[in-house]
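# Close look at the chain arrangement
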Amino acid sequence: MSARVQEAAFDFAAEVTAFQSTLTRSGAVVSFTGVVRDDTGSLDHMFIEHYPGMTHAALQKFADQAVEKFGLEKALVIHRYGRLQPGEAIMMVATAAAHRKDAFAGADYLMDYLKSRAPFWKKELSKESATWVAAKDQDEAALAAWSSESAAKES
Amino acid sequence: MKLDILYFAWVRERVGHSQETYETSAATVADLIAELVARDAGYAAAFADLSAICVAVDQELCDFTTPLVDCREVAFFPPMTGG
């Protein structure tokens with residue numbers, strides 16, 4: 001499965017097309033992209049810091065886990081770092097499975113892990129302030145739900 | 001034991017640098033934090049609320065009770081905000 005960490009922008013449509021072109025047994029492709037949002041109208045840019053020694057291996061591991069857990073044919077994760085303007089794509093995932101439920105669930109699972117377990121930190125910079133984005137309790141809860149779901153299935 | 005210690009995001013800003021090599025005999029992550037906090041106010045500020053601190057030992061997420069045996073790299077950072 002493939003994972004990329006990069007500073008440069010990516011072409012979402014081209015990535016999805018390339019991803020789809022390599023598939024041999026999937027009937028469903030789900031893709032998601034996260035975009036820099038400006039809630040207050042005052043955001044100048046976002047700065048994303050990461051842990052270079054750890055990031056790629058973490059993304060690769062989450063992609064492998066998603067493939068294993070949902071029987072995906074393939075999963076792709078691309079995540080950027082550095083300086084990003086409002087409206088720019090931060091990251092994307094794509095998943096492919098025989099049927100749509102597994103493709104959707106795989107993408108959702110990947111997103112939950114990226115949110116809380118991939119070593120990225122976002123800082124929002126405006127003319128007046130620079131604020132590190134805080135992790136949300138609901139993101140931890142979403143992650144915990146995947147574990148309890150597995151536990152329920154196994155018991 | 002000689003360790004590379006890495007700091008990210010606001011932990012880095014409070015400590016005042018992103019990386020250092022540090023000689024320690026700390027047995028666990030918690031012991032290492034106690035040594036660091038005693039060094040100066042920047043470290044004390046960075047580690048004031050341990051519920052807001054995550055740690056990775058040799059690039060694997062772990063917790064404060066993790067032993068520092070034969071490890072080379074410890075990283076401290078706030079909860080991650082990817083995606």
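Residues numbered from 1 in each chain as written. Chains lettered and ligands numbered in written order. Predicted model: local features only at pLDDT ≥ 70, side-chain atom pairs only at ≥ 80, totals over all residues. Heavy atoms only, no water.

## What about the sheet that holds strand β2 (residues 28-35) of chain A?
Residues and elements named next belong to chain A. Spatially, four strands are ordered β1-β4-β6-β2 in an open sheet, and the strand pairing comes out mixed. Among the strands making up the open sheet, the edge pair consists of β1 (2-6) and β2. On average, each strand axis in the sheet is inclined to that of its neighbour by 5°, with strand direction left out of account. As paired elements, β1 and strand β4 (residues 74-80) share five bridges and run parallel to each other. In the strand pairing of β4, Ala3 is matched with Val77. Strands in contact with helix α3 (residues 100-117) are β2, β4 and β6 (89-97); relative to β6, the strand with the most contacts, it is inclined by about 145°. (Pairing = 2+ DSSP bridges. Helix = DSSP H or I, 4+ residues; strand = E, 2+ residues; numbered from the N terminus. Axes fitted to C-alpha atoms, helices over the stretch in contact; angles between N-to-C directions. Contact = heavy atoms within 4.5 Å.)

## Here's the deal with the sheet that holds strand β3 (residues 54-57) of chain B
All names here are of chain B. The mixed open sheet is built from five strands, whose spatial order is β2-β1-β5-β3-β4. Either end of the sheet is taken by a strand with one partner, and the two such strands are β2 (19-23) and β4 (60-62). The mean angle between the axes of side-by-side strands here comes to 30°, regardless of whether they run parallel or antiparallel. Sheet topology note: the strand β1 (residues 2-7)/strand β5 (residues 73-77) ladder contains four bridges and is parallel. Residue pairing for β5: Tyr7 is matched across the bridge by Phe76.

## Let's talk about the nonpolar core
Ranked by size, the top nonpolar core spans 34 residues in total, and within it Leu32 and Phe76 of chain B carry the most contacts. If you list the elements that add at least two residues to this core, you get β1, α1 (9-15), α2 (29-37), α3 (41-46), β3 and β5 of chain B. Setting aside residues no more than four positions away along its own chain, Leu32 of chain B makes contact with Leu3, Ile5, Tyr22, Thr24, Ala26, Leu68, Val74 and Phe76 of chain B. Judged by nonpolar contacts, the second largest core, of 33 residues, contains Leu84, Ala97, Ala107 and Met111 of chain A. (Core = buried A, V, L, I, M, F, W, Y, C linked by side-chain atoms within 4.5 Å. Buried < 20%, exposed > 50% of the residue type's maximum accessible area, 1.4 Å probe, protein only.)

## What to know about the packing of aromatic side chains
In this description, a pair of aromatic rings is defined by centroid distance and the angle of the planes. Applying the stated criterion to the full structure yields 13 aromatic pairs over all chains. Both rings, one in Tyr7 of chain B and one in Phe76 of chain B, keep their centres 6.3 Å apart while their planes meet at 20°; by these two values the pair is stacked. Of the two residues, Tyr7 of chain B is situated in strand β1 and Phe76 of chain B in strand β5; the sequence distance between them amounts to 69 residues. There is no split in this pair, since Tyr7 of chain B and Phe76 of chain B are both buried. Counting every residue linked through ring pairs, the aromatic cluster contains Phe62, Phe70, Tyr109, Tyr113 and Trp146 of chain A. (Phe/Tyr/Trp six-rings, centres within 6.5 Å; stacked < 30°, edge-to-face > 60°.)

## Considering the interface of chain A and chain B
Counting from both sides, the interface comprises 25 residues of chain A and, opposite them, 20 residues of chain B. Of the roughly 1800 Å² buried between chain A and chain B on both sides combined, carbon and sulfur atoms contribute 58%. When the buried surface of chain A facing chain B is broken down by residue, Tyr51, Trp121 and Trp132 of chain A rank first, second and third, together holding 37% of it. At the boundary of chain A and chain B, one finds two salt bridges. As a salt-bridge pair, Arg12 of chain B and Glu49 of chain A come within 2.5 Å of each other at their nearest N and O atoms. Remark: the boundary between chain A and chain B carries twelve residue pairs in polar contact (both at pLDDT 80 or more). Listing elements by their share of the side of chain A that touches chain B, those giving two or more residues are β3 (43-50), α2 (52-70), β6, α3 and β7 (120-126) of chain A. In terms of residues, the side of chain A that touches chain B owes the most to one element, α3 of chain A, which gives five residues. Residue classes in the side of chain A that touches chain B are distributed as 15 nonpolar, four polar and six charged. (Buried area = accessible area lost by both parts, 1.4 Å probe. Salt bridge = Lys/Arg side-chain N within 4 Å of Asp/Glu carboxyl O. Polar contact = N/O pair within 3.5 Å; in protein donor to acceptor, adjacent residues only side chain to side chain. Nonpolar A, V, L, I, M, F, W, Y, C, P; charged D, E, K, R; others polar.)

The values reported here are purely geometric and, on their own, carry no functional implication.
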